[in-house]
Amino acid sequence: MLVVLDDAGSESQVLPLLPGNALSAVLVTSRSRLAGLAGPMHVEVDVFDSAQSVELLSRIAGADRVRSDEGSATTLAQLCGQLPLALRIAGARLSARPHWSIEQLVGRLEDETRRLDELKHGDMGIRASIAMTYESAGEEARRLFRRLALLDSRTFSGWVGAALLDLPPAEAQDLLDDLADAQLVEPTGTGHGVRSQYRFHDLIRVYARERLAAEESAAERSAALERVLGTLLHLAEEAHRREYGGDYVRVHGPARRRTLPPALVDKLIEDPLAWYERERPNLVAGIRQAAQAGFTELCWDLAISAVTLFESRIYLDDWRETHEIALRATRQAGDLRGQAAMLHSIGTLYITEKRFDDARRDFDEALTLFGKVGDDQGRALVLRNIAFLDRMGGRFEEAAEHYERALEIFRATGDHVAAAYVLHGLAQLRLELDDPEGAGRLLEEALRLSRHGGSRRVEAQVLHRMGEMHLQAGDFPRAAEVFRRTLEVVRGAGDPTGEAYALHGLGVARLRRGELEAAESALQEALTLAGSVGERLAEGRALLGLGELALARAQPRRATGHCERALALFRAMGAQVYEARALPLLTRARAMTAGE
């Protein structure tokens, strides 16, 4: 015998109805997991996929009708969240109104504020179905459910509950688990333990926003959102510290941070870049929400903190979008320090994109603003980047002056990693002036400081510069060894830009050792990688290396093509230093071509 117990509310409803022998089977449906039953097989019934959703609509509203407008039918299924009950209601409404087009119903459902009103037909209704589950939850669980609707991101982490309710994490996690058991939220299946993530079904989110507006005051909503964003900032700063080995290479704002227990923070950001990647949607959405809510200091500080991810993973669109939002917010609020921080960071983005003129414009404005508010750390960060632009433009005296001014401030503030970066830049100047011994002394100190600070990223940059020093000194075996070590570091850090530069250096070192096949492999890989991440300077340098390789193989026409492409890239970005390196090689290739 098969016993069917439909829509059971709790274990206590089921237990008295279970058969007393093994000859019967019981099928129980419930909105909750009913984990207290002994030995059941749990089957999670998920929503339909797109094809199943359209098929259900076809059966209710008519196959010909759906077939004639499949695009609108697919959109309708998406607006219903591919939930069978919602699809059934939508199909029934279309069936009852044969004069309606599917597109017409889509238009009515696109208004989120009326979507649940539209998904009602006869005795069937989505709101009533969700409300039954919501009302059965405890008071604190209902409060968490409502406040989760404050978040614009589609997914959220478990720690969010503690910030929304201002409760200890363990208590908030229990409430979140209650919501998951009631299927008011669902785990995404990514992450595990404290790193688990959750989401709303689309229609449940709409209902949660209705209850939020009806049951929470504006002050309560604002305070809860501020706590979440303050906690996100706290975690982002901790992730930055662990990635860079300390609180280096950045400026801070006075926004209020909300901390979590250290043991929990250790677990959440055990791998800092993995944490950033996991929280990327929340960071982008959080910066936008902070601006909308008037939390200007939280907005720009979150934006600065997110650059650790955007720069390392080449998320340039996220970088631009979040900083444009934050810059507008700081200007509207008259926050000079925030404006300076955003202009400095946007200028750094322009350097990444090799838009040097745009970068210099923003750096000049940032330097002025940091000076007005008396922020020496900010001034030093800007001076460091201005020095880089001076060096790329061949203005070596100005570059040295700006680097020295920045270094003096970083030594005074104890920012070891930023000081290492400046020493690395000064070393490059010494190499440009054909002083490898002077460069070596600067690089040894830079390596010591980067390791003291614990920044693998800056350590890799210093190692790369050491490799270039050995190349210039003619010590090609040692150069190749240093570039191999650099490659290990950048690959371990997941830094594709650094990898492109390391491969270029390794390829040139192999070329000058006469290992032409190995050189070609490394240079071609560097070119492909640089192109994939949009790193035009590395792309130009890889092309220049391939041009030198072609000359070594007595292939002047191929060398000319590579050098011309490299020269065009250097000129487009205003990199006069590398333009000066490309011209003699191109001249030589053209001369050899003419002599063929």
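Cut-off values and rules
Residues numbered from 1 in each chain as written. Predicted model: local features only at pLDDT ≥ 70, side-chain atom pairs only at ≥ 80, totals over all residues. Heavy atoms only, no water. Helix = DSSP H or I, 4+ residues; strand = E, 2+ residues; numbered from the N terminus. Buried < 20%, exposed > 50% of the residue type's maximum accessible area, 1.4 Å probe, protein only. Polar contact = N/O pair within 3.5 Å; in protein donor to acceptor, adjacent residues only side chain to side chain. Contact = heavy atoms within 4.5 Å. Axes fitted to C-alpha atoms, helices over the stretch in contact; angles between N-to-C directions. Left-handed = near helix turned anticlockwise from the far one by under 90°. Nonpolar A, V, L, I, M, F, W, Y, C, P; charged D, E, K, R; others polar. Patch = residues over 30% accessible without salt bridge, like charges linked within 9 Å, V, L, I, M, F, W, Y side chains within 5 Å. Areas by Shrake-Rupley, 256 points an atom, 1.4 Å probe, with all protein chains shown as cover. Salt bridge = Lys/Arg side-chain N within 4 Å of Asp/Glu carboxyl O. Lys, Arg positive; Asp, Glu negative; His and termini not counted. Charge placed at Lys NZ, Arg CZ, Asp CG, Glu CD.

### Side note on the side chain of E238
Phase 1: By the secondary structure assignment, E238 is in helix α13 (residues 218–244).
Phase 2: The class for E238 is buried, based on a relative accessible area of 18%.
Phase 3: A distance of 2.8 Å separates polar atoms of two side chains, one belonging to E238 and the other to R241.
Phase 4: Leave out the neighbours within four places in its chain, and E238 touches V265 and I269.

### Topic: the environment of A572
Phase 1: You can see A572 is positioned in helix α29 (residues 556–573).
Phase 2: Judged by its relative accessible area of 56%, A572 is exposed.

### As for the packing of helix α15 (residues 272–293) against helix α16 (residues 296–312)
Phase 1: α16 packs onto α15 with a crossing angle of 150° between their chain directions and a minimal axis gap of 9 Å. Between α15 and α16 lies a crossing whose hand is left-handed. Residue-level contacts link L273, Y276, E277, R280, L283, V284, G286, I287, A290 and A291 of α15 to L298, C299, L302, A303, S305, A306, T308, L309, F310 and S312 of α16.
Phase 2: Across the contact of α15 with α16, the residue classes tally to 14 nonpolar, four polar and two charged.

### Quick notes on a negative patch on the surface
Phase 1: Negative charge collects at one region of the surface, where E171, D174, D178 and D181 lie side by side.
Phase 2: Within the secondary structure, E171 is located in helix α11 (residues 169–181).
Phase 3: Given a relative accessible area of 42%, E171 falls into the partly exposed group.

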